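# Remarks on the overall topology
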Amino acid sequence: QVVPVLAPGRRSLARKEVKSTLTRYRVLGAAGGCALLQLQPRTGEWPPNTPPRPPPPARSHLPRASPAFPEQLPVHLTLLLCPALGDHEHSSRVGRVLGVPFLLPPEAAPTRTQVLDEELLCRLGLSPQQLRRLPLHLHLQQLALP
């Protein structure tokens, strides 16, 4: 299970207990409580606030980033309090009180079918039964290799 750590300590990073990751995002459009986002995952090999290690000889002069871990984008969207459509694993961590979203601790949020309000279900043309089978909506637009 992936448990996000908002501010990992240097020791945790040094012992590789956590992985330092970054997801850049840009809102391409928004309407009716939904947004279309452009996401750019980055997973570094060193803590973000320290200088990069020099590359080994005969390799590229640019610091290498390891591939993003598989759950990076859904986890980071949940931390932004806007889980991806169809994210039944992480979306249960986002609670609402009087319409204001907040992050629940992992132990207080068992995995369950994503909850969408009636208006959004109607706009998407989905029934609650269809929502249970709705796949995660993350789509690859471009793949850039170093």
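Since this is a predicted model, take the numbers as computed values, not measurements.

Rules used throughout
- Residues numbered from 1 in each chain as written.
- Predicted model: local features only at pLDDT ≥ 70, side-chain atom pairs only at ≥ 80, totals over all residues.
- Heavy atoms only, no water.
- Salt bridge = Lys/Arg side-chain N within 4 Å of Asp/Glu carboxyl O.
- Helix = DSSP H or I, 4+ residues; strand = E, 2+ residues; numbered from the N terminus.
- Buried < 20%, exposed > 50% of the residue type's maximum accessible area, 1.4 Å probe, protein only.
- Patch = residues over 30% accessible without salt bridge, like charges linked within 9 Å, V, L, I, M, F, W, Y side chains within 5 Å.
- Areas by Shrake-Rupley, 256 points an atom, 1.4 Å probe, with all protein chains shown as cover.
- Lys, Arg positive; Asp, Glu negative; His and termini not counted.
- Polar contact = N/O pair within 3.5 Å; in protein donor to acceptor, adjacent residues only side chain to side chain.

### Considerations on the pattern of salt bridges
Tallied over the full model, the rule gives one salt bridge. The closest approach of N and O atoms between R123 and E119, which form a salt bridge, is 3.3 Å. With R123 and E119 both in helix α3 (residues 118-124) and four residues apart, the pair spans about one turn of that helix. Residue class for R123 comes out partly exposed when judged on its relative accessible area of 44%. On the basis of relative accessible area, E119 is assigned to the exposed category, the value being 55%.

### Focus: unusual backbone geometry
Positive phi, normally seen in glycine, also occurs at L81, with a value near 70°. Topologically, L81 is positioned in the loop between α2 (72-79) and β3 (94-97). Despite not being glycine, L98 shows a phi value in the positive range, around 55°. Topologically, L98 is positioned in the loop between β3 and β4 (100-103).

### Some details on the environment of P105
One can find P105 in the loop between β4 and α3. Of the residues examined, P105 reaches a relative accessible area of 37% and is grouped as partly exposed. Distance in space between the C-alpha atoms of P105 and V94 is 9.2 Å, their sequence separation being 11 residues.

### Points about a nonpolar patch on the surface
Taken together, the side chains of Y25, V27 and L80 define a hydrophobic patch exposed on the protein surface, amounting to about 280 Å² of accessible area. Within the secondary structure, L80 sits in the loop between α2 and β3.

### Points about the side chain of R93
In this fold, R93 is placed in the loop between α2 and β3. One buried charge, R93, has no salt-bridge partner; the nearest side chain with opposite charge is E107, at 7.3 Å. A polar contact is formed between the side chain of R93 and the backbone oxygen of L104, at a distance of 2.6 Å.

Interpretation in functional terms is not warranted from these geometric data alone.
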